[in-house]
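Fold and geometry: a report
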Amino acid sequence: MTATQPQHTSTDVRAWAWARTGTGLLLDAAAALDEDAFRAPSTLPEWSRGHLVAHVAANADALCNLVHWAATGEKRPMYASPEERAAGIAKGPTLSADELRTWLTASAERLAEGLDRLTDEQWRREVVTAQGRTVPATQIPWMRAREVCVHAVDLGTGITFADLPHGFLAALTDEIRAKRGLGELPEDPLPEVTAWLAGRPHALADAPELGPWL
């Protein structure tokens with residue numbers, strides 16, 4: 001956010017910075033992919049890179065709906081239905097590399113512009129996530145940061161959890177640990193612990209297998 005934008009909590013500001021970092025990683029990775037590379041598998045089961053990029057682009061469009069809700073007070077859910085969300089993902093393999101890159105970039109820019117226009121009052125307005133949770137709009141940057149940072153790794157182009165901001169990894173670890181109801185965690189390195197908690201490939205020895213998250 002610029003110096004002229006409303007000031008929020010340090011957590012909100014950091015989350016928006018993390019979202020920008022993850023978006024940059026994704027855009028740079030997508031820029032290097034050709035048609036065949038987009039159709040190659042991502043690291044997520046049954047998803048090509050095209051599926052994954054479409055999902056992230058559609059996520060930005062969905063979060064724009066929440067930004068509209070926060071800005072105007074008019075209720076606008078992230079997705080009209082579960083079927084709409086699934087259709088956005090399925091659209092990925094039908095698009096060319098240029099179309100996928102354009103969608104990913106344009107949707108990210110719309111979201112950034114919308115968030116930067118919110119006033120203090122609008123940031124405090126409550127919205128409802130796709131999971132049915134009622135949260136203040138200040139949570140939107142964190143929701144986006146999780147998507148772009150984790151899925152930048154999932155793209156399978158060489159980005160790892162070690163490339164993500166330390167503060168993001170610590171916050172994500174705390175969140176997943178609480179949601180999974182886990183007690184003591186393996187010792188560092190933090191990127192490997194976060195990858196393990198998120199159900200992604202990791203280098204931890206003797207860590208119990210966890211199901212996928214996000």
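Note: the structure precedes this text.
The following refers to the structure shown. Just so we're clear, the structure is a prediction, and the values are computed from it rather than from any experiment.

Examining the overall build of the protein chain
Of regular secondary structure, the protein chain possesses nine helices and two strands. Overall, the protein chain shows an N-to-C arrangement of helices and strands of α-α-α-α-α-α-β-β-α-α-α. Computed over its C-alpha atoms, the radius of gyration of the protein chain comes to 17 Å, within 12% of the 17 Å expected for a compact globule of 214 residues. Here the protein chain, with 214 residues, has 47% of them falling under the buried criterion. Here the contacts in the protein chain between residues at least 6 apart in sequence split such that 61% fall between residues at least 24 apart. A total accessible area of about 10,500 Å² is found for the protein chain, and carbon and sulfur atoms account for 52% of it. Of the side chains in the protein chain, 20 bear a positive and 29 a negative charge, and the two mean positions are spaced by 6 Å.

As for the side chain of R144
Mapping R144 onto the fold places it in helix α7 (residues 140–154). Buried charge without a salt bridge: R144, with E147 as the nearest opposite-charge side chain at an N-O distance of 6.0 Å. Apart from the residues lying within four places of it in its own chain, the contact partners of R144 are A19, T23, V56, N59, A60, L63, A108 and L111.

Comments concerning the side chain of E147
Positionally, E147 belongs in helix α7. Buried charged residue E147 carries no salt bridge. Nearest counter-charge: R85, at 5.9 Å. Once you skip the residues sitting within four places of it in the chain, E147 turns out to touch H55, N59 and L214.

Some points on the pattern of salt bridges
On inspection of all chains with the given rule, the structure shows seven salt bridges. One salt bridge connects D116 with R20, and the closest N-O pair in it is separated by 3.1 Å. Here D116, found in helix α5 (residues 97–117), pairs with R20, found in helix α1 (residues 10–31); they are 96 residues apart in sequence, far enough to count as distant. Of the residues examined, D116 reaches a relative accessible area of 18% and is grouped as buried. Accessibility expressed as a relative area gives 38% for R20, which makes it partly exposed. With a closest N to O distance of 3.3 Å, E35 and R39 form a salt bridge. On the criterion of helical spacing, the pair formed by E35 and R39 is a turn pair, its members being four residues apart in helix α2 (residues 35–39). Using a relative accessible area of 34% as the deciding quantity, one classes E35 as partly exposed. Through salt bridges with shared partners, one network takes in R146, E175 and K179.

Considerations on the packing of α7 against helix α8 (residues 166–180)
Direction vectors running N to C along α7 and α8 enclose 100°, while the axes themselves pass 12 Å from each other. Here α8 runs roughly perpendicular to α7, going by the angle between their axes. Taken together, the residues of α8 that come into contact with α7 (itself represented by W142, A145, R146, C149 and V150) are F168, A171, L172, E175 and K179. Its residues placed into classes, the contact of α7 with α8 shows seven nonpolar, no polar and three charged.

Topic: the packing of aromatic side chains
This structure, assessed with the given rule, holds three aromatic pairs. Summarising the aromatic geometry, the rings of W18 and W142 are spaced 5.9 Å apart at their centres and angled 70° between planes, so their arrangement reads as edge-to-face. Here W18, found in helix α1, pairs with W142, found in helix α7; they are 124 residues apart in sequence, far enough to count as distant. Judged by relative accessible area, which is 10%, W142 ranks as buried. Between W142 and F168, the aromatic rings sit 5.6 Å apart at their centres with planes inclined by 50°, giving tilted as the arrangement. Within this pair, whereas W142 is found in helix α7, its partner F168 is found in helix α8, the two being separated by 26 residues in sequence.

Some details on unusual backbone geometry
In terms of backbone geometry, most residues other than glycine have negative phi values and most peptide bonds are trans. The residue after D188, namely P189, is reached through a cis peptide bond having omega 20°. Take P189: it is sitting in the loop between α8 and α9 (190–197). Of note, E46 is a non-glycine position whose phi angle comes to about 70°, a positive value. Counting through the fold element by element, E46 comes out in the loop between α2 and α3 (49–72). In this structure, D206 is a non-glycine residue whose phi angle is positive, near 65°. Given the relative accessible area of 81%, D206 is considered exposed.

Calculation rules
- Every chain's residues receive numbers from 1 upward, in the order its sequence appears when written.
- Note on the predicted model: pLDDT of at least 70 is required for a residue's local features to be given, and 80 or more for side-chain atom pairs to be given and counted; whole-chain, interface and lining totals, by contrast, use all residues.
- Note: side-chain values were computed over all heavy atoms of the structure, leaving out hydrogens and water.
- The helix count covers DSSP runs of H or I at least four residues long, the strand count covers runs of E at least two residues long, and both are numbered beginning at the N terminus.
- The globule rule is 2.2 Å times the number of residues to the power 0.38, and the radius of gyration it is compared with is taken over C-alpha atoms.
- Burial status follows relative accessibility: with a 1.4 Å probe on protein chains alone, a residue under 20% of its type maximum counts as buried, one over 50% as exposed, and anything between as partly exposed.
- In what follows, residue pairs with any heavy atoms lying within 4.5 Å of each other are defined as contacts.
- All accessibility values rest on the Shrake-Rupley procedure with a 1.4 Å probe; residue burial counts only the protein chains present in the view.
- A residue counts as positive if it is Lys or Arg and as negative if it is Asp or Glu; His and the chain ends are not included.
- Throughout, a charge is located at the NZ atom of Lys, the CZ atom of Arg, the CG atom of Asp or the CD atom of Glu.
- Here, a salt bridge means any side-chain nitrogen of Lys or Arg that lies within 4 Å of a carboxyl oxygen of Asp or Glu.
- Axis definition: a line fit to C-alpha positions, over the contact stretch in the case of helices; interaxial angles, taken between N-to-C directions, run 0 to 180 degrees.
- The cut-offs work like this: below 35 degrees is roughly parallel, past 145 is roughly antiparallel, 65 to 115 is roughly perpendicular, and the gaps in between are oblique.
- Here the nonpolar group is Ala, Val, Leu, Ile, Met, Phe, Trp, Tyr, Cys and Pro; Asp, Glu, Lys and Arg are the charged ones; every other residue, Gly included, is treated as polar.
- In summary, the pairing rule links any two rings of Phe, Tyr or Trp, Trp by its six-membered ring, whose centres are within 6.5 Å, and it sorts them by plane angle into stacked for under 30 degrees, edge-to-face for over 60 and tilted for everything else.

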